[in-house]
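# Summary of the model geometry
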Amino acid sequence: MTVRVRFAPSPTGYLHIGGARTALYNYLYSKAVGGTFVLRIEDTDLERSNSEYEKLQIDDLKWMGIVHDEGPDKPNPKYAPYRQSERTEIYKKYALDLVEKGLAFYDFCTDEELEASKEKAAAEGRDPIYEGKWKNPEFNQEALQRIKAGEKAAIRFRAPKKSYTLNDKVKGEVVYPANMVGDFVIVRSNGLPVYNFCCVVDDHLMDITHVIRGEDHLNNTVRQLMIYEALGAKLPEFAHVSLLIGHDRQKLSKRHGATSVNLYRNEHYLPEAMCNYLCLLGWSHPTEKDIFDKNDLNEVFNLERFSASAAMYDVEKLKWVNSEHVKKMSNADLITLVEKEPETDFFKKQTPEWKLACVELLKKYAQFIPDFPKLVNELILNEHPHLTDALKEILSWETTPKILSFLSDEINKVQTTFVTEAELNAWTEFVKKDLAVKGKPLFQGVRGCLTGHDHGPDLKFLIPLTPVSVLKNRMIDLSK
RNA sequence: GCACCCAUCGUCUAGCCCGGUCCAGGACACUGCCUUUUCACGGCGGCGACAGGGGUUCGAAUCCCCUUGGGUGUACCA
């Protein structure tokens, strides 16, 4: 039997980091076993759902390279539609069927009655389970009459009074004691079905074989187990992945800062880095590899390597992963990406050799793609050195003016656009031998005069990339 | 409250299922040194953990129990 997994977001907001992670796990698993990845939209909460968010979430998923095989935009006639709001008739049919079989019943209790019962239960220190009169079969006839007369009622599922056991791929054997939940609503009085019910009906109808989702659904699963049983449906495998938490160990939410994927997208994180980092939050590579491309996971991704405990989301490590992916990228790809950035006119005008040398040098220092143009401006094109304390100190050494005037003279003699590494070496040699400068005053002196910085990348790579005209202007500035 | 889940360095984790090879390995962060004296790169080090208590065993991070701590659920939300 072929594996079918699904990611089922509610379009009530942007794609969340945690959602992206579960989507990724589902995607990776489907790829690893040659299965099908289904995208289903859980929009039964009409008040909070918004089709705009559906679009945005799919967009973010796409950005991460998480593409679904089936979904609202790629329907398989056998399973469509993929939006729960378009499946209400299906749920209604199943719900009515359960009522007919006596596995569910109409409930006419008012909010007030329910509230009172809840409060009473709380006062007595027990769980608020449904105890309205309508659960009693002797009211079935009356209920049916009132429904026929057009009255509205919720449909409640008759929860069996027995314990259930789930064999979860990450949590192991989970036992739900009897009476854990009371008779719960599966269809609201407004006719709209409820998550726990839709979810099971859909997973069943869509032939979902593996349910990989967040641990926050673990307690709910007992309700779903009951419905599977009532439906006579085959149980899928479950894998309840641990939750993502913030620095205060609370479930990751907006107040922890940037928690939606689009924010990272806007900050130019690489999608591959995002996937890489998220994947490692709760799953480990069999060889403890920590930098990889998700497309290289096909052979090794499985459901056996999930961590059972919650993982803290740490942007610092994400940044590191991102810079590792920048370094891993080919120079050709880097050049392409850099040229897409704004304010890269100078870069674009240079020779292919120059570009190659430039990205080769800068990728060591860049964490993000936009860092490249920034570094070009700061390190290569900046004509007016910023007088930092460190630079002032270098200029105050008695040997520095000698170096500065010598280098200025030499630079003025240069006819080419760039100097060569050999020329640079010759100058340094001269300063060392003829001007008799050595040690820190030599190296930092030369660096200071040429770059206007007290530190930075290796001069023999940096200077040949810097236009002679810029070098000249820097030294004019420094001579003042 | 009740139910369920979880518990290895500050953080992500390996090891746990199938006890000894673990006075616990890797990565981020922090930090020291080195790289023909710069350096944001790189190399080599350092710091740093089996929550506590009982058991089982010749032997426990690994198995069992309790305690503690944390999380989740307890909706006519998903």
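Residues numbered from 1 in each chain as written. Chains lettered and ligands numbered in written order. Predicted model: local features only at pLDDT ≥ 70, side-chain atom pairs only at ≥ 80, totals over all residues. Heavy atoms only, no water.

### Structural notes on the overall build of chain A
Looking only at helices and strands, one finds 20 helices and eleven strands in chain A. Its C-alpha atoms give chain A principal-axis dimensions of roughly 110 × 50 × 40 Å. The buried share among the 480 residues of chain A stands at 48%. Pairs at least 24 residues apart make up 75% of the contacts formed inside chain A by residues separated by at least 6 positions. Charged side chains of chain A number 64 positive and 71 negative; the gap between the two group centres comes to 1 Å. (Helix = DSSP H or I, 4+ residues; strand = E, 2+ residues; numbered from the N terminus. Buried < 20%, exposed > 50% of the residue type's maximum accessible area, 1.4 Å probe, protein only. Contact = heavy atoms within 4.5 Å. Lys, Arg positive; Asp, Glu negative; His and termini not counted. Charge placed at Lys NZ, Arg CZ, Asp CG, Glu CD.)

### With respect to the environment of arginine 21
Here arginine 21 shows up in helix H1 (residues 17–33). For the pair arginine 21 and tyrosine 82, spaced 61 residues apart in the sequence, the C-alpha separation amounts to 21 Å. In contact with arginine 21, not counting residues within four places along its chain, are Val241, Ser242, Leu243, Leu244, Leu278, Leu281 and Gly282.

### Topic: the domain arrangement of chain A
Partitioning chain A into domains gives domain 1 (1–70 + 242–328) and domain 2 (331–479). Here the C-alpha centre of domain 2 lies 41 Å away from the C-alpha centre of domain 1. Each side of the interface is counted separately: domain 1 has ten residues, and domain 2 has eleven residues. Interface area lost by domain 1 to domain 2 is led by His268, Val326 and Lys327, which between them contribute 59%. Viewed at the interface, domain 2 and domain 1 are joined by zero salt bridges. Applying the counting rule to domain 1 against domain 2 returns one residue pair in polar contact (both at pLDDT 80 or more). Of the residues that constitute the side of domain 1 that touches domain 2, the class distribution is four nonpolar, three polar and three charged. (Domains from an automatic or database assignment. Buried area = accessible area lost by both parts, 1.4 Å probe. Salt bridge = Lys/Arg side-chain N within 4 Å of Asp/Glu carboxyl O. Polar contact = N/O pair within 3.5 Å; in protein donor to acceptor, adjacent residues only side chain to side chain. Nonpolar A, V, L, I, M, F, W, Y, C, P; charged D, E, K, R; others polar.)

### Here we look at the protein's contact with RNA strand B
Surrounding RNA strand B, one finds 62 residues, the nearest of these being Ser10, Asp127, Arg188, Gln250 and Arg447. In RNA strand B, the atoms that sit within 4 Å of the protein are 74% sugar and phosphate, with bases accounting for the remainder. Measuring from a sugar or linking oxygen of RNA strand B, one finds a side-chain N or O atom of glutamate 215 at 2.8 Å. Methionine 312 is positioned such that a nitrogen or oxygen atom in its backbone is 3.0 Å from a phosphate oxygen of RNA strand B. At the level of secondary structure, the elements contributing two or more residues to the surface near RNA strand B comprise strand S4 (154–157), strand S6 (172–176), helix H6 (195–205), strand S11 (311–312), helix H10 (315–328), helix H14 (371–381) and helix H18 (439–451). Broken down by element, the residue count for the surface near RNA strand B peaks at five residues, all from H18. (Near = heavy atom within 4 Å.)

### Examining the packing of aromatic side chains
Considering all chains together, one arrives at 18 aromatic pairs under this definition. Seen from their ring centres, tyrosine 14 and tyrosine 53 are 5.5 Å apart, and the 80° between their planes marks the pair as edge-to-face. Of the two residues, tyrosine 14 sits in the loop between strand S1 (4–7) and H1 while tyrosine 53 sits in helix H2 (residues 51–63), which places them 39 residues apart along the sequence. Given the relative accessible area of 45%, tyrosine 14 is considered partly exposed. A relative accessible area of 25% means that tyrosine 53 is categorised as partly exposed. Clustering of aromatic rings is evident, with ring pairs tying together Tyr264, Tyr269, Tyr277, Tyr313 and Phe368. Geometry around tyrosine 94 places lysine 93 over its ring, the cationic atom sitting 4.4 Å from the centre. (Phe/Tyr/Trp six-rings, centres within 6.5 Å; stacked < 30°, edge-to-face > 60°. Lys NZ or Arg CZ within 6 Å of the ring centre and 35° of its normal.)

### Observations concerning the environment of glutamate 360
Assignment of secondary structure puts glutamate 360 in helix H13 (residues 352–362). For the pair formed by glutamate 360 and aspartate 371, sequence separation is eleven residues and the distance between their alpha carbons is 13 Å.

### What about the pattern of salt bridges?
According to the stated counting rule, one finds 30 salt bridges in the structure shown. A salt bridge links glutamate 52 to lysine 55, with the shortest nitrogen-to-oxygen separation between them at 4.0 Å. Residue glutamate 52 and its partner lysine 55 are both found in helix H2; the two are separated by three residues, about one turn of the helix. The exposure class assigned to glutamate 52 is partly exposed, which follows from its relative accessible area of 41%. Of the residues examined, lysine 55 reaches a relative accessible area of 56% and is grouped as exposed.

### A word on the nonpolar core
The biggest cluster of nonpolar side chains holds 69 residues, and the ones touching the most others in it are Leu278, Phe301 and Tyr313. When residues of this core are assigned to their parent elements, the largest contribution, eight residues, is made by H1. Taken domain by domain, the makeup of this core includes at least three residues from each of domain 1 (1–70 + 242–328) and domain 2 (331–479). If you look at the next biggest cluster of nonpolar residues, it comprises 46 residues, including Tyr106, Ile155, Phe157 and Ile227. (Core = buried A, V, L, I, M, F, W, Y, C linked by side-chain atoms within 4.5 Å.)

### Comments concerning the pairing of strand S2 (residues 36–39)
Judged by which residues are buried, S2 turns out to be covered on both faces: Thr36 and Val38 on one side and Phe37 and Leu39 on the other are all buried. A crossover connection joins S1 to the parallel S2 through H1; in handedness this β-α-β unit is right-handed. (Right-handed = clockwise from strand over helix to strand, strands pointing away.)

### Here's the deal with H10
Counted at 1.5 Å a residue, the expected span for H10 with its 14 residues is 20 Å, and the 20 Å between its end C-alpha atoms agrees. For H10, the full list of buried residues reads Leu318, Val321, Asn322, Ser323, His325 and Val326. Here the buried face of H10 lies against helix H8 (261–266), helix H9 (271–280), helix H11 (331–340) and H14. (Expected span 1.5 Å × (residues − 1).)

### Side note on the sheet that holds S4
Backbone-to-backbone hydrogen bonds pair the strands of a sheet. The strands run either parallel or antiparallel. If you walk across this open sheet you meet the three strands as S3-S4-S7, and the pairing is antiparallel. Bordering the open sheet on either side are strand S3 (104–107) and strand S7 (184–187), each of which pairs with just one other strand. In this sheet, adjacent strand axes meet at a mean angle of 45° when their direction is disregarded. With three bridges joining them, S4 and S7 adopt antiparallel strand pairing. Across the sheet, the residue bridging to arginine 156 is valine 185, located in S7. (Pairing = 2+ DSSP bridges. Axes fitted to C-alpha atoms, helices over the stretch in contact; angles between N-to-C directions.)

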